[in-house]
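Survey of secondary and tertiary structure
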Amino acid sequence: MTYENILVARDGRVGIITLNRPKALNALCDALIDDLGGALDEFEADEGIGAIILTGSEKAFAAGADIKEMKDRSFMDVYLSDFITKGWERVASCRKPVIAAVAGFALGGGCEVAMMCDIIIAAENAKFGQPEITLGIIPGAGGTQRLTRALGKAKAMDLVLTGRMMDAAEAERCGLVSRIVPAEKLMEEALAVAGKIASMSLPITLFAKESVNRAFETSLAEGLRFERRMFHAAFATEDQSEGMSAFAEKRPAQFKHR
Ligand code: CO8
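Attention in this report is confined to the structure presented alongside it. (Residues numbered from 1 in each chain as written. Predicted model: local features only at pLDDT ≥ 70, side-chain atom pairs only at ≥ 80, totals over all residues. Heavy atoms only, no water.)

1. Thoughts on the overall build of the protein chain
Helices and strands together make up the secondary structure of the protein chain, namely twelve helices and ten strands. For 258 residues, the compact-globule formula gives about 18 Å, and the C-alpha radius of gyration of the protein chain, at 19 Å, lands near that figure. When its C-alpha atoms are laid out on the principal axes, the protein chain stretches across 60 × 40 × 40 Å. Within the protein chain, buried positions represent 43% of all 258 residues. A separation of at least 24 residues holds for 67% of the contacts in the protein chain among residues at least 6 apart in sequence. Averaging the locations of the 31 positively and 36 negatively charged side chains of the protein chain gives two centres separated by 4 Å. (Helix = DSSP H or I, 4+ residues; strand = E, 2+ residues; numbered from the N terminus. Rg over C-alpha atoms; globule rule 2.2 N^0.38 Å. Buried < 20%, exposed > 50% of the residue type's maximum accessible area, 1.4 Å probe, protein only. Contact = heavy atoms within 4.5 Å. Lys, Arg positive; Asp, Glu negative; His and termini not counted. Charge placed at Lys NZ, Arg CZ, Asp CG, Glu CD.)

2. Topic: the layout of surface pockets
The space that makes up the largest pocket amounts to roughly 980 Å³. If you go around the largest pocket, you meet 30 residues; those closest to its centre are Met115, Cys117, Asp118, Asn213 and Phe216. Of all the secondary structure elements, the ones that give two or more residues to the lining of the largest pocket are helix H4 (85–93), helix H5 (109–116), strand E7 (119–123), helix H6 (146–151) and helix H10 (202–214). When residues of the lining of the largest pocket are assigned to their parent elements, the largest contribution, eight residues, is made by H10. Partitioning the lining of the largest pocket into residue classes produces 16 nonpolar, six polar and eight charged. Of the pockets and cavities examined, the second largest pocket occupies roughly 670 Å³. Lining the second largest pocket are 26 residues, and of these Ala65, Met70, Phe83, Ile137 and Ile138 sit closest to its centre. Contributions of two or more residues to the lining of the second largest pocket are made by helix H2 (67–70), H4 and H5. The class makeup of the residues in the lining of the second largest pocket is 15 nonpolar, six polar and five charged. (1 Å grid on protein atoms, 1.4 Å probe; cavity = no way out; pocket = protein on both sides within 12 Å on 5 of 7 lines; lining within 4 Å. Points joined across faces, edges and corners; volume = space filled by probe spheres on them. Nonpolar A, V, L, I, M, F, W, Y, C, P; charged D, E, K, R; others polar.)

3. Side note on a nonpolar patch on the surface
A grouping of Phe75, Met76, Tyr79 and Leu80 is seen on the molecular surface, where their side chains present a nonpolar patch of about 510 Å² in accessible area. Mapped onto the fold, tyrosine 79 is located in helix H3 (residues 75–80). (Patch = residues over 30% accessible without salt bridge, like charges linked within 9 Å, V, L, I, M, F, W, Y side chains within 5 Å. Areas by Shrake-Rupley, 256 points an atom, 1.4 Å probe, with all protein chains shown as cover. Salt bridge = Lys/Arg side-chain N within 4 Å of Asp/Glu carboxyl O.)

4. Brief notes about helix H12 (residues 238–248)
Within an α-helix, residues lying three or four positions from one another point in the same direction, as the helix has 3.6 residues per turn. Residues of H12 that are buried: Asp239, Gln240, Glu242 and Ala246. The arc enclosing the buried residues of H12, seen along the axis, measures out at 170°, which places them on a common side. Where H12 is buried, its residues meet H10 and helix H11 (220–234). Positioned one or two residues after H12, lysine 250 has a phi angle of 55°, which is positive. (Arc of directions from axis to C-beta.)

5. Comments concerning the site of the ligand
Around the ligand lies a shell of 25 residues, among which Lys59, Ala65, Ile67, Lys68 and Gly109 are the nearest. Contacts to the ligand include alanine 63, whose backbone N or O atom sits 2.9 Å from a nitrogen atom. Interatomic distance of 2.9 Å between a backbone N/O atom of isoleucine 67 and a nitrogen atom of the ligand. Here the ligand, which alone exposes 1,100 Å², has 67% of that area covered by the protein. The set of elements that each furnish at least two residues to the shell around the ligand consists of H2, strand E6 (105–107) and H5. When residues of the shell around the ligand are assigned to their parent elements, the largest contribution, three residues, is made by H2. Of the residues belonging to the shell around the ligand, the class tally is 15 nonpolar, four polar and six charged. (Near = heavy atom within 4 Å. Polar contact = N/O pair within 3.5 Å; in protein donor to acceptor, adjacent residues only side chain to side chain.)

6. Overview of the nonpolar core
One finds Ile17, Leu54, Phe61, Val102, Ile120, Phe128 and Leu176 to be the most contacted residues of the largest nonpolar core, which totals 47 residues. The element contributing the most residues to this core is helix H1 (residues 30–45), with six residues. Judged by nonpolar contacts, the second largest core, of 16 residues, contains Ile53, Ala101, Val181 and Ala198. (Core = buried A, V, L, I, M, F, W, Y, C linked by side-chain atoms within 4.5 Å.)

7. Thoughts on the sheet that holds strand E3 (residues 51–55)
In spatial order, the strands read E1-E2-E3-E5-E7-E10; together these six strands make up an open sheet with mixed pairing. Strands at the two margins of the open sheet, each flanked by one partner only, are strand E1 (6–11) and strand E10 (179–181). Sheet twist, expressed as the average angle between the axes of neighbouring strands with direction ignored, equals 20°. Judged from the six bridges that link them, E1 and strand E2 (residues 14–19) form a sheet pairing that is antiparallel. For arginine 10, the partnering residue across the bridge sits in E2 and is glycine 15. (Pairing = 2+ DSSP bridges. Axes fitted to C-alpha atoms, helices over the stretch in contact; angles between N-to-C directions.)

8. Things to note about the sheet that holds strand E8 (residues 127–129)
Sheet architecture is open: four strands sit in the order E4-E6-E8-E9, paired in mixed fashion. The open sheet has two edge strands with one neighbour each: strand E4 (60–62) and strand E9 (165–167). Sheet twist, expressed as the mean angle between neighbouring strand axes with direction ignored, is 20°. As judged from the two bridges shared by E4 and E6, these two strands associate in the parallel manner. Bridge pairing links alanine 60 to phenylalanine 105 in E6.

Here it is as structure tokens:
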């Protein structure tokens, strides 16, 4: 498929989606969200892809939802259409690991999309924030929920109520991002991480992602029960047999993703 607002590439078993709407700092207009959903659908369906990188430009991962597109919408417009919930949730519903490689601004919906990813790797110049309050709205794609789970109440309130931005160092300190790298090394690092993940067994990777996500959605007892069942299920895969045999035979595992 061809897309107008994103670039799509692959590097071995890694799918790469680059938000590409430079004139608006990758503001997430409806068409861009549709493109993003289409690319994720393609990578999700492709058994040759084991992990996905979502990135933007050096200046902006994404500066939020498109304010100019939203500004004349009424309550009835956004309520009756359930304003683009479906498309936006596509990142969060992706079963394969998605790594956000963030340089520059990740604001509003941009920060929310980054938080829908599984790992955020930040360039030193990355800036995160939920400035919706300055526009007379509140975050609408998980900013009050995922940010609070990631950072805790005090920091989330600080960001959501003031609309201020935090830099990469603060974001790493409070646990939003997993690592910070110099801007020129961002893709190299993201590809190394994604490549490593994609070299693992695909079904086992999906088990692991789904199990970690359970920690945010259920009680400890239920989460542990779910993990145990997925652990048992791992023994139904060819890759469990290969992974353990390879260890015993002192050779690298050759996963079949089965
Ligand atoms: N929407 C539309 N256009 C934008 C956006 C945006 N979010 N951000 C930047 N642009 C445009 C600018 O209007 C400008 O266009 P033009 O050249 O035609 O004037 C161009 O991008 C470059 O921007 P700036 O000149 O402003 O660049 P600066 O380097 O001076 O400033 C900033 C960069 C600080 C990032 C600034 O552009 C800014 O504050 N942008 C808006 C940030 C913001 O408020 N984001 C939140 C938007 S609301 C939101 O995301 C809600 C999500 C809800 C999702 C719900 C789903 C269900």
